[in-house]
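Analysis of the macromolecular model
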Amino acid sequence: PADLFNGCPGFTTITIPDTVTVIGSSAFADCKQLSSVRLSNNLTELGSGAFLNCTSLTSIRIPKSLESAYSGITVDGPFDGCTALKNVELESGMTKIPADLFNGCPGFTTITIPDTVTEIGDSAFEDCKQLSSVSWSSKLTELGSSVFSNCTSLTSIRIPDTVTDMGDHVFS
């Protein structure tokens, strides 16, 4: 459910059981002490701002089952404002990085796109201001709109020859 544990001051570690497929909007938003999260291996949807402003969260592993990072009526990505998030792992087997997944997540500097990924959704890494290095999938064919928009530390990039479709403002 939305806002389920929004602002809970005591949480430092959360393990989401594999029976959970959806984490609602702002479910763990503003849990400032939350430093460790293990997501369900069967997670299909992360709601807008699900971990908004969890400023102690340092790493996250995104399961290959994730299909959407719903933005809804707000523009908050699930990890928007997670300033300490430095280590991001995308599970091998993932075929699409959902739109807005890391929108507004300023902390991490590098991302490795698994070789199984063929598509990166709109605004997936928008406003990731410290992102300076991207390791590409050899099977990537599509970059959505604004994927790397406002990634001000990204100064050089080589788009793989496999990419055949690019949205608007990919690097604006």
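Residue indices follow the written sequence of each chain, beginning from 1 at its first position. Only residues with pLDDT of at least 70 are given local features in this predicted model, and only at 80 or more are side-chain atom pairs given and counted; all residues enter the totals for whole chains, interfaces and linings. Note: side-chain values were computed over all heavy atoms of the structure, leaving out hydrogens and water.

**Regarding the overall build of the protein**
- Counting secondary structure elements, the protein contains 0 helices and 13 strands.
- Starting at the N terminus, the α and β elements of the protein follow one another as β-β-β-β-β-β-β-β-β-β-β-β-β.
- For the radius of gyration, the atom set is restricted to C-alpha positions; the globular benchmark scales as 2.2 Å times the number of residues to the power 0.38. Taking 2.2 N^0.38 as the reference for a compact globule, 172 residues should give roughly 16 Å; the C-alpha atoms of the protein span a radius of gyration of 15 Å, in line with that estimate.
- By its C-alpha atoms, the protein is 45 × 30 × 30 Å across when sized along the principal axes. Helix and strand definitions follow DSSP, with helices as H or I runs of at least four residues and strands as E runs of at least two, each counted in order from the N terminus.

**A closer look at the pattern of salt bridges**
- Whenever a carboxyl oxygen of Asp or Glu lies within 4 Å of a side-chain nitrogen of Lys or Arg, that contact is scored as a salt bridge. Per the counting criterion, the structure on display carries 6 salt bridges.
- Between arginine 38 and aspartate 18 there is a salt bridge, and its shortest N-O distance comes to 3.1 Å. On the criterion of sequence distance, the pair formed by arginine 38 in strand E3 (residues 36-38) and aspartate 18 in the loop between strand E1 (13-15) and strand E2 (22-23) is long-range, its members being 20 residues apart.
- Burial status follows relative accessibility: with a 1.4 Å probe on protein chains alone, a residue under 20% of its type maximum counts as buried, one over 50% as exposed, and anything between as partly exposed. Note on arginine 38: relative accessible area 34%, which makes it partly exposed.
- For aspartate 18, a relative accessible area of 33% gives the class partly exposed.
- Two residues, lysine 96 and glutamate 119, come together in a salt bridge whose shortest N-O distance is 3.5 Å.

**Side note on the sheet that holds strand E10 (residues 119-120)**
- Note on pairing: two strands pair once DSSP finds at least 2 bridges between them. Taking strand neighbours across the sheet as the criterion, the 4 strands line up as E8-E10-E12-E13 in an open arrangement whose pairing is parallel. At either margin of the open sheet sits one strand with a lone partner, and together these are strand E8 (96-97) and strand E13 (165-166).
- As defined by bridge partners, E10 adjoins strand E12 (residues 142-143) across 2 bridges and the pair is classed as parallel. Bridge pairing in E12 places glutamate 119 opposite glutamate 142.

**With respect to unusual backbone geometry**
- Positioned with a positive phi, aspartate 30 is a non-glycine residue whose angle comes to about 60 degrees.
- The residue aspartate 30 is located in the loop between E2 and E3 in this model.
- Taking relative accessible area as the criterion, aspartate 30 reaches 27% and is therefore assigned partly exposed.
- Backbone geometry places histidine 169, a non-glycine residue, at a positive phi of 55 degrees.
- Here histidine 169 is to be found in the segment after E13.
- With a relative accessible area of 56%, histidine 169 lands in the exposed category.

**Some remarks on the sheet that holds strand E6 (residues 68-69)**
- Pairing within the open sheet is parallel, and its 3 strands lie in the order E2-E4-E6. Strands at the two margins of the open sheet, each flanked by one partner only, are E2 and E6.

**Looking at the side chain of glutamate 91**
- Position of glutamate 91 relative to the elements: it lies in the loop between strand E7 (87-90) and E8.
- Looking at glutamate 91, the relative accessible area reads 16%, which means it is buried.
- Here a polar contact is recorded for every N or O atom pair within 3.5 Å, except that within protein the pair must consist of a potential hydrogen donor and a potential acceptor, and residues adjacent in sequence are included only if both atoms are side-chain atoms. At 2.7 Å, the side chain of glutamate 91 forms a polar contact with the backbone nitrogen of lysine 64.
- For this analysis, residues touch if any pair of their heavy atoms sits within 4.5 Å. Not counting residues up to four positions away in its chain, the partners in contact with glutamate 91 are Arg61, Ile62, Pro63, Lys64 and Pro114.

**Section: the packing of aromatic side chains**
- Aromatic pairs are defined between Phe, Tyr and Trp rings, using the six-membered ring for Trp, whenever the two ring centres lie within 6.5 Å; interplanar angles under 30 degrees are classed as stacked, those over 60 as edge-to-face, and all others as tilted. The full count for this structure, using the stated rule, is 11 aromatic pairs.
- With a centroid separation of 5.4 Å and an interplanar angle of 70 degrees, the aromatic rings of phenylalanine 102 and phenylalanine 108 are classed as edge-to-face. Note on accessibility: phenylalanine 102 and phenylalanine 108 belong to one class, buried.
- Look at phenylalanine 148 and phenylalanine 171: their rings are 5.7 Å apart centre to centre, the planes differ by 10 degrees, and that puts the pair in the stacked class. Residue phenylalanine 148 is found in the loop between E12 and E13, and its partner phenylalanine 171 is found in the segment after E13; the two are separated by 23 residues along the sequence.
- Note on phenylalanine 171: relative accessible area 35%, which makes it partly exposed.
- Three or more aromatic residues link up through ring pairs in this structure, and these residues are Phe5, Phe11, Phe28, Phe51, Phe79, Phe102, Phe108, Phe125, Trp136, Phe148 and Phe171.

Nothing here speaks to function; it is all geometry.
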